[in-house]
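Structure assessment
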Amino acid sequence: MRVGSGFDAHQLVAGRPLRLGGVDVPFDRGLEGHSDGDVLLHAVASALLGATGDGDLGRHFPSSDATPEGIDSRAILDQVAARVREAGWALVNLDATIIAQGPRLAPYTAAMVQVIADSLGVQTAQVNVKVTSTDHLGAIGRGEGMAAQAIVLLEQRP
Ligand SMILES: [Zn+2]
């Protein structure tokens with residue numbers, strides 16, 4: 001068994017769509033980033049890399065010409081999932097938390113779980129996505145950005 005944790009945060013800015021967990025969420029601002037800024041998928045991918053001892057997202061997907069600008073983070077997670085499989089690991093379960101003051105994200109978490117499960121090739125029952133706010137504390141509480149954290153448990157495939 002191997003465990004891994006991931007954390008990510010991005011700034012919220014006007015003029016960008018908000019994409020979380022591969023789902024487009026209607027909002028007046030979106031997450032800044034070289035990619036689509038999807039904090040949830042980045043935290044999940046980071047946790048997977050952590051569990052397999054495979055470095056970090058910055059090493060595999062640098063914010064440079066090596067990574068296409070605006071890349072859909074589902075493509076990043078797909079590639080990380082392939083690395084995990086090739087290294088002989090399978091997901092036991094994954095738990096992730098989005099930390100955001102708004103908008104209301106609960107209606108979208110089931111779709112996010114589906115995206116993650118599809119990307120990893122696992123059942124939706126193995127994936128949990130929760131949402132919390134910081135109760136208006138700090139930068140996230142002021143709506144300046146969003147963060148996500150994830151923890152994964154992997155087992156060696158027989
Ligand atoms: Zn990120």
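Here the structure is a predicted model, which means the values were calculated and not measured.

Focus on the coordination of the zinc ion
Surrounding the zinc ion are the protein donor atoms Asp8 (OD), His10 (NE2) and His42 (ND1), which sit 2.0 to 2.1 Å from the metal. Considered as a linear motif, the donors of the zinc ion on their single chain read D-x1-H-x31-H. Pair noted here: histidine 10 is in strand E1 (residues 2-14) and histidine 42 is in helix H1 (residues 39-51), with a separation of 32 residues, a long-range link. With respect to class, histidine 10 is no different from histidine 42; both count as buried.

Topic: the nonpolar core
Leu40, Val44, Leu48, Leu94, Ile116 and Leu120 are the most contacted members of the largest nonpolar core, which totals 45 residues. Within the residue set of this core, elements represented by two or more residues are strand E2 (18-20), strand E3 (23-25), H1, helix H3 (73-86), strand E5 (89-99), helix H4 (109-120), strand E6 (127-132) and strand E7 (145-156). It is H1 that contributes the most residues to this core, ten residues altogether. Residue contacts for leucine 40: discarding those within four places in its chain leaves Gly21, Ala96, Ile98, Met112, Ile116, Val129 and Ala148.

Considering the packing of H3 against H4
At a closest axis distance of 8 Å, the pairing of H3 and H4 adopts a crossing angle of 40 degrees. As the angle between them shows, H3 and H4 are arranged oblique. Residues Arg74, Leu77, Asp78, Ala81 and Arg85 of H3 form the contact with H4, whose participating residues are Val115, Ile116, Ser119 and Leu120. Considering only residue class, the contact of H3 with H4 consists of five nonpolar, one polar and three charged.

Re the packing of H1 against H4
The interhelical angle for the contact between H1 and H4, taken along N-to-C directions, is 35 degrees, at an axis separation of 12 Å. Pair H1 / H4 crosses with right-handed handedness. Contact with H1, carried on its side by Leu40, Leu41, Val44 and Leu48, involves Met112, Ile116 and Leu120 of H4 and no other residues of that element. Its residues placed into classes, the contact of H1 with H4 shows seven nonpolar, no polar and no charged.

With respect to the sheet that holds strand E4 (residues 29-31)
Taken in spatial order, the five strands make up an open sheet running E4-E1-E7-E5-E6, and their pairing is mixed. Edge strands, defined here as strands with exactly one partner in the open sheet, are E4 and E6. Taken pair by pair, the neighbouring strands of this sheet meet at an average axis angle of 20 degrees, ignoring direction. Note that E5 and E7 share ten bridges and pair antiparallel. Paired with asparagine 93 across the two strands is leucine 153, which belongs to E7. Packing of H4 onto the sheet brings it into contact with E5 and E6, and relative to E6 it is tilted by some 145 degrees.

Observations regarding H1
Across its 13 residues, H1 extends 18 Å between first and last C-alpha, which sits within 8% of the 18 Å expected from 1.5 Å per residue. Within H1, twelve of the 13 residues are buried, which leaves it mostly tucked inside the rest of the structure. Directly after H1, the chain includes glycine 53, whose backbone phi takes a positive value near 65 degrees.

Describing the pattern of salt bridges
Inspection of every chain in the model, using the stated rule, returns nine salt bridges. Note that aspartate 95 and lysine 130 form a salt bridge whose closest N and O atoms lie 2.8 Å from each other. Highlighted residues: aspartate 95 in strand E5 and lysine 130 in strand E6, separated in sequence by 35 residues. Connected via shared salt-bridge partners are Arg19, Asp24, Asp36, Asp72 and Arg74.

How each quantity is defined
- Residues numbered from 1 in each chain as written.
- Predicted model: local features only at pLDDT ≥ 70, side-chain atom pairs only at ≥ 80, totals over all residues.
- Heavy atoms only, no water.
- Donors = N, O, S within 2.8 Å, 3.2 Å for Na, K, Ca; no water.
- Helix = DSSP H or I, 4+ residues; strand = E, 2+ residues; numbered from the N terminus.
- Buried < 20%, exposed > 50% of the residue type's maximum accessible area, 1.4 Å probe, protein only.
- Core = buried A, V, L, I, M, F, W, Y, C linked by side-chain atoms within 4.5 Å.
- Contact = heavy atoms within 4.5 Å.
- Axes fitted to C-alpha atoms, helices over the stretch in contact; angles between N-to-C directions.
- Parallel < 35°, antiparallel > 145°, perpendicular 65-115°, else oblique.
- Nonpolar A, V, L, I, M, F, W, Y, C, P; charged D, E, K, R; others polar.
- Left-handed = near helix turned anticlockwise from the far one by under 90°.
- Pairing = 2+ DSSP bridges.
- Expected span 1.5 Å × (residues − 1).
- Salt bridge = Lys/Arg side-chain N within 4 Å of Asp/Glu carboxyl O.

Keep in mind these values describe shape, not function.
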